[in-house]
Amino acid sequence: MTARTSAAEPFDPRDVAWSSVSPRLALARRVSLSITTGVLAVVTVVLGLVVLDWAWSWLILAGLAVAEVWGWLLAGWQAAAIGYAEREDDLLVRRGVMVRNLVVVPYGRMQYVDVEAGPVDRAFGIAQVQLHTASASTDATIDGLEPAEAERLRDRLASRGEARLAGL
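Note that the coordinates shown come from a computational prediction; the quantities given were computed from them, not determined experimentally.

Novice: Give me the lowdown on the pattern of salt bridges, citing residues and values where you can.
Specialist: Taken as a whole and assessed by the stated rule, the structure comprises eight salt bridges. Linking aspartate 143 and arginine 95 is a salt bridge whose minimum nitrogen-to-oxygen distance equals 4.0 Å. One end of the pair, aspartate 143, is in strand β7 (residues 140-145); the other, arginine 95, is in strand β3 (residues 90-95), and 48 residues separate them in sequence.

Here it is, written out as structure tokens:
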């Protein structure tokens, strides 16, 4: 008979020191959500004045308010769930609240590493690191890194990837 393991164990390997992302990621996602919700609310009010019955407009606005509150909560949970860990031979990236995901990228499989920051990301002082491998299904992205950490991680992963490829 085998011992029963915890459901979190496949997503939280033992002896791994996880690094977390900046809490500003949650704020950036919340601002993006609020901008989108605000635009949809304005469109709903205009349509309510011109085309729709006001009962439908109020119903749509109530739905937008519920979606906004849920999105604010979810943004915080999602940002807190993102983590990454550099091990000797690979990089682990985990994410997800309801659907958990753990990606293991061996350094020798990395082809190149991107650092990216859109306008909202730059406004909040965060960046994204994306690892590209030969297989599209094993690409990994780490959102919400401080720019200095994104640069450090990019350089470190690129050098580790080159060292592993040189050994093949």
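Following the structure, the description resumes.
Novice: Would you mind going over the packing of helix α1 (residues 24-50) against helix α2 (residues 54-81) in detail, with residue names and values included?
Specialist: For the pair α1 and α2, interaxial distance at closest approach is 9 Å and the crossing angle is 175 degrees. Here α1 lies roughly antiparallel to α2, going by the angle between them. For the contact of α1 with α2, the class distribution of residues is 15 nonpolar, eight polar and three charged.

Novice: Hey, could you go over the sheet that holds strand β1 (residues 19-20) for me, with residue numbers and the actual values?
Specialist: Strand order in the open sheet formed by four strands is β1-β2-β3-β4, with antiparallel pairing between adjacent strands. Of all the strands in the sheet, just β1 and β4 (101-106) have a single pairing partner and so form its edges. The pairing of strand β2 (residues 83-86) with β3 spans four bridges and is classified as antiparallel. For glycine 83, the partnering residue across the bridge sits in β3 and is arginine 94.

Novice: Could you give me a rundown of the packing of aromatic side chains, with the residues and numbers involved?
Specialist: One pass over the full model with this rule turns up two aromatic pairs. When the centroid spacing of 5.6 Å and the interplanar angle of 75 degrees are considered together, the rings of tryptophan 70 and tryptophan 77 count as edge-to-face. One cation-aromatic arrangement involves arginine 94 over tryptophan 18; the distance from NZ or CZ to the ring centre is 4.2 Å.

Novice: So what about the nonpolar core? Which residues, and what values?
Specialist: Burial of nonpolar side chains together is a common tendency in soluble globular proteins. Leu91, Met110, Leu131, Ile142, Leu145, Leu153 and Leu157 are the most contacted members of the largest nonpolar core, which totals 25 residues. Listed by contribution, the elements that provide at least two residues to this core are α1, β3, β4, β5 (110-116), β6 (127-133), β7 and α4 (147-166). Excluding its chain neighbours within four sequence positions, the residues that come into contact with isoleucine 142 are Val21, Tyr84, Leu91, Val93, Arg95, Ala127, Gln128, Val129 and Leu153.

Novice: Let's hear about the environment of leucine 59: which residues, and what values?
Specialist: Looking at the element boundaries, leucine 59 is found in helix α2. Judged by relative accessible area, which is 54%, leucine 59 ranks as exposed. Note: C-alpha distance between leucine 59 and threonine 44 (15 residues apart in sequence) is 9.9 Å.

So, how was this worked out
- Residues numbered from 1 in each chain as written.
- Predicted model: local features only at pLDDT ≥ 70, side-chain atom pairs only at ≥ 80, totals over all residues.
- Heavy atoms only, no water.
- Salt bridge = Lys/Arg side-chain N within 4 Å of Asp/Glu carboxyl O.
- Helix = DSSP H or I, 4+ residues; strand = E, 2+ residues; numbered from the N terminus.
- Axes fitted to C-alpha atoms, helices over the stretch in contact; angles between N-to-C directions.
- Parallel < 35°, antiparallel > 145°, perpendicular 65-115°, else oblique.
- Nonpolar A, V, L, I, M, F, W, Y, C, P; charged D, E, K, R; others polar.
- Pairing = 2+ DSSP bridges.
- Phe/Tyr/Trp six-rings, centres within 6.5 Å; stacked < 30°, edge-to-face > 60°.
- Lys NZ or Arg CZ within 6 Å of the ring centre and 35° of its normal.
- Core = buried A, V, L, I, M, F, W, Y, C linked by side-chain atoms within 4.5 Å.
- Buried < 20%, exposed > 50% of the residue type's maximum accessible area, 1.4 Å probe, protein only.
- Contact = heavy atoms within 4.5 Å.

Shape is all these values report; function is a separate question.
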